[in-house]
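A closer look at the structure
One-letter residues, chain by chain:
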Amino acid sequence: MSKKNVGYLMLITITIAIIITFLYEFNIVNVAPGVMLAVRWITAAVLILNGIVRKNLTTWILTCLVLGVFVGLDFPDLAKSLQPLSQAFIKLVKTIVGPILFATLVFGIAGHSDLKSVGRMAWKSMLYFFCATTCAIFIGLAVINLTKAGVGVDVANMPHEELPTTSAITDSDKKALSHIDESVHGVFKFNTFIRDSFPENIVKSVYENKVLQIVIFGVIFGIGLAMVEEKKRKPLIDFTESLSEAMFKFTNLVMLFAPIGVGAAMAYTVGHLGVDILKNLFMLLMSLYIALLVFLFVVLLPVALYLKVPIKKFIAAIKEPVSIAFATTSSDAALPKAMENMERFGVPRKIVSFVIPTGYSFNLDGTSLYLSLASIFVAQAAGIDLSIGQQLLIAFTLMITSKGVAAVPRASLIVLIATADQFGLPTFVIAAILGIDELMDMARTSVNVIGNCLATVVVSKWEGEFDETASQDPEFLTKSMD
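Residues numbered from 1 in each chain as written. Predicted model: local features only at pLDDT ≥ 70, side-chain atom pairs only at ≥ 80, totals over all residues. Heavy atoms only, no water.

A few words on the packing of helix α1 (residues 3–25) against helix α2 (residues 33–54). For the pair α1 and α2, the least separation of the axes is 10 Å and the interaxial angle reads 160 degrees. Between α1 and α2, the interaxial angle falls into the category roughly antiparallel. In the packing of α1 onto α2, the handedness of the crossing is left-handed. Each of Lys3, Val6, Gly7, Leu9, Met10, Thr13, Ile14, Ala17, Ile20, Thr21 and Tyr24 in α1 lies in contact with α2, whose residues at this interface are Pro33, Met36, Val39, Ile42, Thr43, Val46, Leu47, Leu49, Asn50, Val53 and Arg54. For the contact of α1 with α2, a count of residues per class yields 15 nonpolar, 5 polar and 2 charged. (Axes fitted to C-alpha atoms, helices over the stretch in contact; angles between N-to-C directions. Helix = DSSP H or I, 4+ residues; strand = E, 2+ residues; numbered from the N terminus. Parallel < 35°, antiparallel > 145°, perpendicular 65-115°, else oblique. Left-handed = near helix turned anticlockwise from the far one by under 90°. Contact = heavy atoms within 4.5 Å. Nonpolar A, V, L, I, M, F, W, Y, C, P; charged D, E, K, R; others polar.)

This is the structure we're talking about:
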(Lines give C-alpha, C1' and ligand atoms only; values in the text may rest on other atoms or scores of the structure.)
Protein backbone atom coordinates (compact mmCIF):
# COMPACT_ATOMS: atom_id res chain seq x y z
CA MET A 1 0.00 0.00 0.00
CA SER A 2 1.38 3.44 -0.93
CA LYS A 3 2.13 6.20 1.57
CA LYS A 4 -0.62 8.32 0.04
CA ASN A 5 -3.30 5.63 0.48
CA VAL A 6 -2.17 4.88 4.04
CA GLY A 7 -2.31 8.61 4.76
CA TYR A 8 -5.92 8.79 3.56
CA LEU A 9 -6.82 5.67 5.59
CA MET A 10 -5.24 7.17 8.70
CA LEU A 11 -7.04 10.50 8.23
CA ILE A 12 -10.43 8.80 7.82
CA THR A 13 -9.86 6.46 10.78
CA ILE A 14 -8.75 9.26 13.12
CA THR A 15 -11.67 11.48 12.08
CA ILE A 16 -14.20 8.71 12.77
CA ALA A 17 -12.48 7.90 16.10
CA ILE A 18 -12.63 11.57 17.19
CA ILE A 19 -16.34 11.83 16.32
CA ILE A 20 -17.23 8.63 18.20
CA THR A 21 -15.14 9.71 21.22
CA PHE A 22 -16.88 13.12 21.25
CA LEU A 23 -20.33 11.46 21.17
CA TYR A 24 -19.28 9.06 23.96
CA GLU A 25 -17.69 11.62 26.30
CA PHE A 26 -20.63 14.07 26.11
CA ASN A 27 -23.29 11.31 26.30
CA ILE A 28 -24.85 12.45 23.01
CA VAL A 29 -25.12 8.84 21.84
CA ASN A 30 -25.03 5.76 24.05
CA VAL A 31 -21.78 4.11 22.95
CA ALA A 32 -20.78 0.89 24.71
CA PRO A 33 -17.32 0.84 26.37
CA GLY A 34 -16.47 -2.21 24.28
CA VAL A 35 -17.07 -0.21 21.11
CA MET A 36 -14.72 2.53 22.38
CA LEU A 37 -12.08 -0.12 23.09
CA ALA A 38 -12.42 -1.42 19.53
CA VAL A 39 -12.23 2.11 18.09
CA ARG A 40 -9.01 2.85 19.98
CA TRP A 41 -7.22 -0.30 18.87
CA ILE A 42 -8.38 -0.14 15.25
CA THR A 43 -6.93 3.38 15.25
CA ALA A 44 -3.76 1.98 16.82
CA ALA A 45 -3.46 -0.66 14.10
CA VAL A 46 -3.79 2.01 11.37
CA LEU A 47 -1.17 4.19 13.08
CA ILE A 48 1.23 1.23 13.28
CA LEU A 49 0.65 0.50 9.57
CA ASN A 50 1.42 4.17 8.82
CA GLY A 51 4.64 3.91 10.82
CA ILE A 52 5.71 0.75 8.97
CA VAL A 53 5.05 2.34 5.57
CA ARG A 54 6.73 5.69 6.31
CA LYS A 55 9.75 4.22 8.17
CA ASN A 56 10.32 7.58 9.85
CA LEU A 57 11.57 8.02 13.43
CA THR A 58 9.39 11.07 14.13
CA THR A 59 6.33 9.17 12.87
CA TRP A 60 7.13 6.27 15.18
CA ILE A 61 7.63 8.61 18.14
CA LEU A 62 4.22 10.22 17.59
CA THR A 63 2.63 6.81 16.95
CA CYS A 64 4.01 5.35 20.17
CA LEU A 65 2.92 8.46 22.05
CA VAL A 66 -0.71 7.77 21.00
CA LEU A 67 -0.32 4.04 21.68
CA GLY A 68 0.90 4.95 25.15
CA VAL A 69 -2.34 6.86 25.77
CA PHE A 70 -4.38 3.83 24.69
CA VAL A 71 -2.40 1.43 26.88
CA GLY A 72 -2.77 3.82 29.84
CA LEU A 73 -6.55 4.02 29.35
CA ASP A 74 -7.26 0.31 28.75
CA PHE A 75 -4.49 -1.41 30.74
CA PRO A 76 -3.53 0.98 33.56
CA ASP A 77 -1.66 -1.61 35.63
CA LEU A 78 0.42 -2.68 32.65
CA ALA A 79 1.02 1.00 31.84
CA LYS A 80 2.39 1.69 35.32
CA SER A 81 4.80 -1.24 34.96
CA LEU A 82 6.26 0.35 31.80
CA GLN A 83 7.76 3.32 33.67
CA PRO A 84 11.26 1.76 33.89
CA LEU A 85 11.47 1.84 30.08
CA SER A 86 10.93 5.60 30.00
CA GLN A 87 13.43 6.01 32.83
CA ALA A 88 15.95 3.91 30.89
CA PHE A 89 15.55 6.18 27.85
CA ILE A 90 16.11 9.33 29.92
CA LYS A 91 19.17 7.75 31.56
CA LEU A 92 20.58 6.93 28.12
CA VAL A 93 20.06 10.48 26.93
CA LYS A 94 21.64 11.96 30.04
CA THR A 95 24.86 10.07 29.27
CA ILE A 96 25.10 12.24 26.15
CA VAL A 97 24.56 15.65 27.77
CA GLY A 98 27.92 16.16 29.53
CA PRO A 99 30.27 15.02 26.73
CA ILE A 100 28.32 16.71 23.92
CA LEU A 101 28.13 20.05 25.75
CA PHE A 102 31.83 20.04 26.65
CA ALA A 103 33.00 18.96 23.20
CA THR A 104 30.81 21.32 21.15
CA LEU A 105 31.49 24.32 23.38
CA VAL A 106 35.26 23.87 23.47
CA PHE A 107 35.50 23.22 19.73
CA GLY A 108 33.15 26.12 18.96
CA ILE A 109 35.21 28.58 21.01
CA ALA A 110 38.81 27.37 20.64
CA GLY A 111 38.36 26.11 17.07
CA HIS A 112 37.60 29.61 15.85
CA SER A 113 39.74 31.56 18.36
CA ASP A 114 37.34 34.52 18.14
CA LEU A 115 36.91 35.38 21.80
CA LYS A 116 35.03 38.62 21.07
CA SER A 117 32.23 36.64 19.42
CA VAL A 118 31.81 34.61 22.64
CA GLY A 119 31.23 37.79 24.63
CA ARG A 120 28.78 39.15 22.06
CA MET A 121 26.94 35.83 21.94
CA ALA A 122 26.66 35.78 25.75
CA TRP A 123 25.13 39.25 26.23
CA LYS A 124 22.82 38.89 23.24
CA SER A 125 21.59 35.53 24.54
CA MET A 126 21.00 36.89 28.05
CA LEU A 127 19.13 39.94 26.73
CA TYR A 128 16.85 37.75 24.62
CA PHE A 129 16.34 35.27 27.51
CA PHE A 130 15.33 38.08 29.88
CA CYS A 131 12.83 39.58 27.40
CA ALA A 132 11.28 36.20 26.53
CA THR A 133 10.85 34.95 30.11
CA THR A 134 9.49 38.34 31.24
CA CYS A 135 6.83 38.18 28.52
CA ALA A 136 6.01 34.60 29.58
CA ILE A 137 5.58 35.58 33.24
CA PHE A 138 3.25 38.48 32.44
CA ILE A 139 1.18 36.39 30.01
CA GLY A 140 0.72 33.83 32.80
CA LEU A 141 -0.47 36.58 35.17
CA ALA A 142 -2.84 38.03 32.57
CA VAL A 143 -4.48 34.71 31.64
CA ILE A 144 -5.05 33.49 35.21
CA ASN A 145 -6.57 36.88 36.13
CA LEU A 146 -8.92 36.63 33.14
CA THR A 147 -9.97 32.98 33.62
CA LYS A 148 -10.00 33.15 37.45
CA ALA A 149 -9.52 29.37 37.38
CA GLY A 150 -8.90 29.18 41.13
CA VAL A 151 -11.94 31.19 42.25
CA GLY A 152 -14.58 28.97 43.83
CA VAL A 153 -12.53 25.79 43.57
CA ASP A 154 -13.41 23.22 46.23
CA VAL A 155 -9.87 22.30 47.23
CA ALA A 156 -11.06 19.85 49.89
CA ASN A 157 -12.48 17.49 47.26
CA MET A 158 -9.44 17.57 45.03
CA PRO A 159 -7.03 14.65 45.00
CA HIS A 160 -4.05 15.49 47.21
CA GLU A 161 -0.55 14.20 46.74
CA GLU A 162 2.50 14.50 48.93
CA LEU A 163 4.61 17.53 48.15
CA PRO A 164 8.28 17.02 47.28
CA THR A 165 10.51 17.52 50.31
CA THR A 166 13.57 18.59 48.32
CA SER A 167 14.77 22.07 49.19
CA ALA A 168 16.68 24.40 46.91
CA ILE A 169 18.57 25.68 49.98
CA THR A 170 21.25 23.54 51.65
CA ASP A 171 21.44 23.07 55.41
CA SER A 172 24.61 25.18 55.60
CA ASP A 173 22.87 28.00 53.73
CA LYS A 174 19.90 27.79 56.10
CA LYS A 175 22.28 28.28 59.02
CA ALA A 176 23.88 31.24 57.26
CA LEU A 177 20.44 32.74 56.60
CA SER A 178 19.56 32.48 60.27
CA HIS A 179 22.39 34.90 61.06
CA ILE A 180 21.47 37.40 58.33
CA ASP A 181 18.79 40.05 58.50
CA GLU A 182 15.63 39.00 56.67
CA SER A 183 15.75 42.09 54.44
CA VAL A 184 18.79 40.72 52.56
CA HIS A 185 17.74 37.05 52.35
CA GLY A 186 16.89 37.58 48.67
CA VAL A 187 20.37 38.91 47.96
CA PHE A 188 21.95 35.93 49.74
CA LYS A 189 19.82 33.43 47.77
CA PHE A 190 20.68 35.13 44.49
CA ASN A 191 24.37 34.99 45.37
CA THR A 192 24.09 31.28 46.23
CA PHE A 193 22.68 30.73 42.73
CA ILE A 194 25.74 32.50 41.29
CA ARG A 195 28.02 30.40 43.51
CA ASP A 196 26.34 27.13 42.56
CA SER A 197 26.68 27.96 38.85
CA PHE A 198 30.43 27.35 39.10
CA PRO A 199 31.73 23.77 39.16
CA GLU A 200 34.08 22.56 41.87
CA ASN A 201 34.67 19.27 40.04
CA ILE A 202 33.74 18.83 36.39
CA VAL A 203 33.35 15.06 36.77
CA LYS A 204 30.91 15.65 39.62
CA SER A 205 29.02 18.21 37.51
CA VAL A 206 28.68 15.71 34.65
CA TYR A 207 27.61 12.97 37.08
CA GLU A 208 24.93 15.22 38.62
CA ASN A 209 23.94 16.56 35.18
CA LYS A 210 24.47 20.19 36.22
CA VAL A 211 24.07 21.72 32.76
CA LEU A 212 24.98 25.29 33.71
CA GLN A 213 28.15 24.18 35.51
CA ILE A 214 29.22 22.14 32.46
CA VAL A 215 28.57 25.16 30.20
CA ILE A 216 30.64 27.50 32.37
CA PHE A 217 33.52 25.01 32.57
CA GLY A 218 33.36 24.44 28.80
CA VAL A 219 33.37 28.18 28.06
CA ILE A 220 36.31 28.92 30.38
CA PHE A 221 38.23 25.86 29.13
CA GLY A 222 37.57 26.88 25.51
CA ILE A 223 38.77 30.44 26.14
CA GLY A 224 41.88 29.11 27.87
CA LEU A 225 42.57 26.71 25.01
CA ALA A 226 42.14 29.52 22.47
CA MET A 227 44.99 31.38 24.21
CA VAL A 228 47.39 28.44 23.78
CA GLU A 229 49.76 28.49 20.80
CA GLU A 230 48.56 26.72 17.64
CA LYS A 231 50.92 23.72 17.89
CA LYS A 232 49.72 22.74 21.37
CA ARG A 233 46.10 23.75 20.79
CA LYS A 234 45.45 21.63 17.69
CA PRO A 235 45.46 18.13 19.31
CA LEU A 236 42.79 19.11 21.83
CA ILE A 237 40.70 20.88 19.19
CA ASP A 238 40.87 17.77 16.98
CA PHE A 239 39.89 15.64 19.99
CA THR A 240 36.85 17.79 20.85
CA GLU A 241 35.77 17.86 17.20
CA SER A 242 35.98 14.06 16.99
CA LEU A 243 34.20 13.70 20.34
CA SER A 244 31.33 16.00 19.30
CA GLU A 245 30.88 14.13 16.00
CA ALA A 246 30.93 10.78 17.81
CA MET A 247 28.35 12.03 20.35
CA PHE A 248 26.01 13.14 17.56
CA LYS A 249 26.24 9.63 16.07
CA PHE A 250 25.69 8.23 19.57
CA THR A 251 22.58 10.43 19.82
CA ASN A 252 21.21 8.94 16.58
CA LEU A 253 21.62 5.43 18.00
CA VAL A 254 19.95 6.36 21.31
CA MET A 255 17.06 7.99 19.43
CA LEU A 256 16.19 4.60 17.94
CA PHE A 257 14.98 3.75 21.45
CA ALA A 258 12.95 7.00 21.65
CA PRO A 259 9.59 5.56 20.44
CA ILE A 260 9.66 2.93 23.20
CA GLY A 261 10.76 5.46 25.85
CA VAL A 262 8.16 8.02 24.76
CA GLY A 263 5.35 5.46 24.54
CA ALA A 264 6.18 4.04 27.98
CA ALA A 265 6.30 7.54 29.51
CA MET A 266 2.90 8.45 28.08
CA ALA A 267 1.37 5.10 29.10
CA TYR A 268 2.60 5.55 32.68
CA THR A 269 1.26 9.11 32.86
CA VAL A 270 -2.23 8.17 31.66
CA GLY A 271 -2.34 4.93 33.67
CA HIS A 272 -1.16 6.73 36.81
CA LEU A 273 -3.50 9.73 36.55
CA GLY A 274 -6.59 8.37 34.85
CA VAL A 275 -9.01 10.86 33.29
CA ASP A 276 -11.28 11.72 36.24
CA ILE A 277 -8.67 14.06 37.74
CA LEU A 278 -9.02 16.33 34.70
CA LYS A 279 -12.62 17.12 35.61
CA ASN A 280 -11.54 18.52 38.98
CA LEU A 281 -8.78 20.73 37.65
CA PHE A 282 -9.95 21.33 34.08
CA MET A 283 -9.94 25.14 34.35
CA LEU A 284 -6.37 25.29 35.66
CA LEU A 285 -5.14 22.92 32.97
CA MET A 286 -6.95 24.85 30.23
CA SER A 287 -5.67 28.18 31.58
CA LEU A 288 -2.10 26.94 31.33
CA TYR A 289 -2.52 25.55 27.81
CA ILE A 290 -4.26 28.77 26.67
CA ALA A 291 -1.49 30.89 28.19
CA LEU A 292 1.22 28.80 26.53
CA LEU A 293 -0.56 29.06 23.16
CA VAL A 294 -0.85 32.84 23.62
CA PHE A 295 2.89 32.98 24.33
CA LEU A 296 3.68 30.90 21.23
CA PHE A 297 1.48 32.94 18.88
CA VAL A 298 1.88 36.41 20.40
CA VAL A 299 5.58 36.34 21.32
CA LEU A 300 7.54 33.56 19.60
CA LEU A 301 5.70 33.52 16.25
CA PRO A 302 6.05 37.30 15.66
CA VAL A 303 9.77 37.04 16.53
CA ALA A 304 10.17 34.22 14.00
CA LEU A 305 8.21 36.11 11.33
CA TYR A 306 10.16 39.33 11.93
CA LEU A 307 13.44 37.46 11.48
CA LYS A 308 12.03 35.72 8.37
CA VAL A 309 12.55 32.26 9.83
CA PRO A 310 11.12 29.56 7.48
CA ILE A 311 8.30 28.46 9.79
CA LYS A 312 7.48 25.11 8.14
CA LYS A 313 11.14 24.07 8.12
CA PHE A 314 11.55 25.24 11.72
CA ILE A 315 8.55 23.15 12.80
CA ALA A 316 10.03 20.15 10.97
CA ALA A 317 13.31 20.68 12.83
CA ILE A 318 11.76 20.93 16.30
CA LYS A 319 8.88 18.44 16.13
CA GLU A 320 11.01 15.44 17.12
CA PRO A 321 12.73 17.01 20.19
CA VAL A 322 9.44 18.66 21.22
CA SER A 323 7.52 15.36 21.05
CA ILE A 324 10.24 13.73 23.19
CA ALA A 325 10.06 16.60 25.70
CA PHE A 326 6.24 16.39 25.77
CA ALA A 327 6.12 12.68 26.57
CA THR A 328 9.06 12.49 28.97
CA THR A 329 8.50 15.92 30.65
CA SER A 330 12.27 16.38 30.54
CA SER A 331 14.08 19.08 28.56
CA ASP A 332 17.30 17.12 29.01
CA ALA A 333 15.85 14.19 27.06
CA ALA A 334 15.29 16.50 24.08
CA LEU A 335 18.60 18.41 24.34
CA PRO A 336 20.90 16.30 22.10
CA LYS A 337 18.35 16.03 19.27
CA ALA A 338 17.44 19.72 19.56
CA MET A 339 21.12 20.67 19.24
CA GLU A 340 21.64 18.40 16.24
CA ASN A 341 18.49 19.54 14.42
CA MET A 342 19.15 23.26 14.95
CA GLU A 343 22.63 22.81 13.51
CA ARG A 344 21.09 21.07 10.51
CA PHE A 345 18.60 23.97 10.29
CA GLY A 346 21.46 26.40 9.69
CA VAL A 347 22.60 27.61 13.13
CA PRO A 348 26.40 27.37 13.61
CA ARG A 349 27.52 24.72 16.09
CA LYS A 350 29.28 27.25 18.35
CA ILE A 351 25.99 29.15 18.80
CA VAL A 352 23.86 26.03 19.26
CA SER A 353 26.27 24.60 21.84
CA PHE A 354 26.20 27.82 23.86
CA VAL A 355 22.61 29.08 23.55
CA ILE A 356 20.56 25.90 24.09
CA PRO A 357 22.38 24.64 27.22
CA THR A 358 22.50 28.14 28.73
CA GLY A 359 18.83 28.58 27.92
CA TYR A 360 18.06 25.49 29.99
CA SER A 361 18.86 27.58 33.05
CA PHE A 362 17.95 31.11 31.89
CA ASN A 363 15.27 30.72 29.20
CA LEU A 364 12.64 28.34 30.54
CA ASP A 365 9.69 30.20 29.01
CA GLY A 366 7.07 27.53 29.69
CA THR A 367 8.21 27.03 33.28
CA SER A 368 8.30 30.78 34.00
CA LEU A 369 4.76 31.18 32.64
CA TYR A 370 3.54 28.22 34.68
CA LEU A 371 5.05 29.56 37.90
CA SER A 372 3.32 32.94 37.60
CA LEU A 373 0.00 31.35 36.65
CA ALA A 374 0.14 28.67 39.37
CA SER A 375 1.13 31.19 42.08
CA ILE A 376 -1.99 33.30 41.45
CA PHE A 377 -4.14 30.15 41.14
CA VAL A 378 -3.00 29.10 44.63
CA ALA A 379 -4.05 32.50 46.00
CA GLN A 380 -7.42 32.38 44.21
CA ALA A 381 -8.18 28.85 45.44
CA ALA A 382 -7.33 29.87 49.01
CA GLY A 383 -9.56 32.95 48.78
CA ILE A 384 -6.63 35.41 49.04
CA ASP A 385 -7.13 38.61 47.05
CA LEU A 386 -3.76 39.81 45.77
CA SER A 387 -3.40 43.40 44.60
CA ILE A 388 -1.74 44.28 41.29
CA GLY A 389 1.31 45.44 43.25
CA GLN A 390 1.58 42.11 45.08
CA GLN A 391 1.22 40.19 41.82
CA LEU A 392 3.94 42.30 40.22
CA LEU A 393 6.19 41.61 43.22
CA ILE A 394 5.59 37.87 42.74
CA ALA A 395 6.41 38.29 39.04
CA PHE A 396 9.65 40.13 39.87
CA THR A 397 10.62 37.39 42.34
CA LEU A 398 9.92 34.69 39.75
CA MET A 399 12.08 36.52 37.18
CA ILE A 400 15.03 35.77 39.46
CA THR A 401 14.11 32.44 41.08
CA SER A 402 12.93 30.79 37.85
CA LYS A 403 16.43 31.20 36.40
CA GLY A 404 17.67 28.56 38.79
CA VAL A 405 15.13 25.90 37.86
CA ALA A 406 16.82 22.74 36.64
CA ALA A 407 15.52 21.27 33.37
CA VAL A 408 14.24 18.11 35.02
CA PRO A 409 10.68 16.90 35.70
CA ARG A 410 8.86 18.69 38.54
CA ALA A 411 11.83 20.86 39.58
CA SER A 412 9.56 23.89 39.13
CA LEU A 413 7.47 22.68 42.08
CA ILE A 414 10.35 23.54 44.41
CA VAL A 415 10.32 27.14 43.19
CA LEU A 416 6.51 27.27 43.38
CA ILE A 417 6.51 26.03 46.98
CA ALA A 418 9.28 28.47 47.93
CA THR A 419 7.38 31.37 46.31
CA ALA A 420 4.16 30.38 48.09
CA ASP A 421 5.98 30.28 51.42
CA GLN A 422 7.62 33.64 50.80
CA PHE A 423 4.30 35.39 50.09
CA GLY A 424 2.24 33.59 52.71
CA LEU A 425 0.27 31.46 50.25
CA PRO A 426 -0.98 28.04 51.47
CA THR A 427 1.01 25.08 50.15
CA PHE A 428 -1.89 22.66 50.64
CA VAL A 429 -3.37 23.99 47.38
CA ILE A 430 -0.15 23.03 45.61
CA ALA A 431 -0.62 19.52 46.99
CA ALA A 432 -4.05 19.52 45.37
CA ILE A 433 -2.83 20.58 41.92
CA LEU A 434 0.13 18.21 42.06
CA GLY A 435 -2.09 15.48 40.63
CA ILE A 436 -2.12 17.07 37.18
CA ASP A 437 1.40 18.46 37.34
CA GLU A 438 2.63 15.83 34.88
CA LEU A 439 0.08 16.97 32.29
CA MET A 440 1.08 20.60 32.84
CA ASP A 441 4.76 19.66 32.80
CA MET A 442 4.34 18.13 29.34
CA ALA A 443 3.16 21.44 27.89
CA ARG A 444 5.57 23.76 29.69
CA THR A 445 8.59 21.55 28.92
CA SER A 446 7.62 21.50 25.23
CA VAL A 447 7.46 25.31 25.21
CA ASN A 448 10.85 25.44 26.96
CA VAL A 449 12.36 23.43 24.09
CA ILE A 450 10.62 25.52 21.40
CA GLY A 451 11.78 28.75 23.07
CA ASN A 452 15.39 27.62 23.29
CA CYS A 453 15.46 26.35 19.70
CA LEU A 454 14.13 29.70 18.47
CA ALA A 455 16.69 31.50 20.67
CA THR A 456 19.52 29.85 18.70
CA VAL A 457 18.06 31.23 15.47
CA VAL A 458 17.61 34.71 17.00
CA VAL A 459 21.22 34.88 18.19
CA SER A 460 22.64 33.45 14.94
CA LYS A 461 20.61 35.93 12.87
CA TRP A 462 21.71 38.72 15.20
CA GLU A 463 25.32 37.65 14.69
CA GLY A 464 24.81 37.40 10.92
CA GLU A 465 25.90 33.74 10.90
CA PHE A 466 22.65 31.93 10.09
CA ASP A 467 22.89 29.68 7.02
CA GLU A 468 19.75 30.51 5.02
CA THR A 469 20.40 27.70 2.52
CA ALA A 470 20.77 24.81 5.00
CA SER A 471 17.04 24.11 5.40
CA GLN A 472 16.25 24.50 1.68
CA ASP A 473 17.31 20.90 1.10
CA PRO A 474 14.18 18.71 1.60
CA GLU A 475 16.42 16.09 3.29
CA PHE A 476 18.21 18.54 5.60
CA LEU A 477 17.22 16.59 8.74
CA THR A 478 18.51 13.25 7.49
CA LYS A 479 21.52 13.95 5.29
CA SER A 480 25.07 13.58 6.65
CA MET A 481 26.47 16.53 8.63
CA ASP A 482 30.00 15.91 7.39
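Text resumes after the structure shown.
So, about the confidence of the model for the protein. The predicted model of the protein averages 83 in pLDDT, with 90% of residues at 70 or higher. For the protein, per-element mean pLDDT is lowest for helix α13 (residues 276–280), which scores 58, and highest for helix α14 (residues 282–306), which scores 93. (pLDDT = per-residue confidence, 0-100.)

Further remarks concern the nonpolar core. Judged by nonpolar contacts, the single largest core of 110 residues is most densely connected at Leu101, Phe314, Met342, Phe345 and Phe377. In this structure, leucine 101 is in contact with Val211, Ile214, Val215, Leu335, Met339 and Pro357, ignoring residues within four places of it in sequence. (Core = buried A, V, L, I, M, F, W, Y, C linked by side-chain atoms within 4.5 Å. Buried < 20%, exposed > 50% of the residue type's maximum accessible area, 1.4 Å probe, protein only.)

Before going further, it helps to spend a moment on the state of the cysteines. This structure, assessed with the given rule, holds 0 disulfides. Among the cysteines around cysteine 135, which has no disulfide bond, cysteine 131 carries the closest sulfur, lying 6.8 Å off. Taking relative accessible area as the criterion, cysteine 135 reaches 34% and is therefore assigned partly exposed. (Disulfide = S-S within 2.5 Å.)

Before going further, it helps to spend a moment on helix α18 (residues 365–381). An ideal rise of 1.5 Å per residue puts 24 Å on 17 residues; α18 measures up with 24 Å between its terminal C-alpha atoms. Where burial is concerned, most of α18 is hidden: 17 out of the 17 residues are buried. Immediately beyond the C-terminal end of α18, within one or two residues, lies glycine 383, with a positive phi of roughly 75 degrees. (Expected span 1.5 Å × (residues − 1).)

As a further point, take the packing of aromatic side chains. Per the counting criterion, the structure on display carries 9 aromatic pairs. Here the aromatic rings of phenylalanine 89 and phenylalanine 257 are separated by 6.2 Å at their centres, their planes lie at 50 degrees, and the arrangement is tilted. Here phenylalanine 89 is found in helix α5 (residues 83–110), whereas its partner phenylalanine 257 is found in the loop between α11 (230–255) and α12 (258–273), with 168 residues between them in sequence. A relative accessible area of 0% means that phenylalanine 89 is categorised as buried. (Phe/Tyr/Trp six-rings, centres within 6.5 Å; stacked < 30°, edge-to-face > 60°.)

Below, the discussion takes up helix α16 (residues 331–345). The terminal C-alpha atoms of α16, which comprises 15 residues, lie 19 Å apart, in line with the 21 Å expected from a rise of 1.5 Å per residue. When the local axis directions of α16 are compared, the greatest deviation, roughly 30 degrees, occurs at lysine 337. With 15 of 15 residues buried, α16 is to be regarded as a mostly interior element. Downstream of α16 by a residue or two, glycine 346 has a phi angle that is positive, lying close to 125 degrees. (Bend = angle between axes of the 7 residues up to and from the residue.)

Turning next to the side chain of arginine 349. Take arginine 349: it is sitting in helix α17 (residues 349–362). A distance of 3.0 Å separates polar atoms of two side chains, one belonging to arginine 349 and the other to serine 244. A polar atom in the side chain of arginine 349 sits 3.0 Å from the side chain of glutamate 245. (Polar contact = N/O pair within 3.5 Å; in protein donor to acceptor, adjacent residues only side chain to side chain.)

The grouping of Ile290, Leu293, Val294, Phe297 and Val298 at the surface amounts to a nonpolar patch, some 450 Å² of accessible area in total. Structurally, the position occupied by phenylalanine 297 is in helix α14. (Patch = residues over 30% accessible without salt bridge, like charges linked within 9 Å, V, L, I, M, F, W, Y side chains within 5 Å. Areas by Shrake-Rupley, 256 points an atom, 1.4 Å probe, with all protein chains shown as cover. Salt bridge = Lys/Arg side-chain N within 4 Å of Asp/Glu carboxyl O.)

All right, on to the packing of helix α10 (residues 211–226) against α17 then. Put simply, α10 and α17 touch, their axes get as near as 9 Å, and they point 140 degrees apart. Relative to α17, α10 is oriented oblique. In the crossing of α10 with α17, the sense of the turn from one axis to the other is left-handed. On the side of α10, the interface is formed by Val211, Leu212, Val215 and Val219, while α17 contributes Phe354, Pro357, Thr358, Ser361 and Phe362. Taken together, the residues of the contact of α10 with α17 break down into 7 nonpolar, 2 polar and no charged.

What follows deals with unusual backbone geometry. Phi at lysine 55 is positive, roughly 50 degrees, even though this residue is not glycine. Within the fold, lysine 55 resides in the loop between α2 and α3 (57–74). You can call lysine 55 exposed: its relative accessible area is 71%.

Locating aspartate 332 in the fold gives a position in helix α16. In the structure, aspartate 332 is positioned 25 residues away from proline 357 in sequence and 9.2 Å away in space, judged by C-alpha atoms.

This next bit is on the environment of valine 294. Secondary-structure assignment places valine 294 in helix α14. As a C-alpha pair, valine 294 and isoleucine 139 span 155 residues in sequence and 7.6 Å in three-dimensional space.

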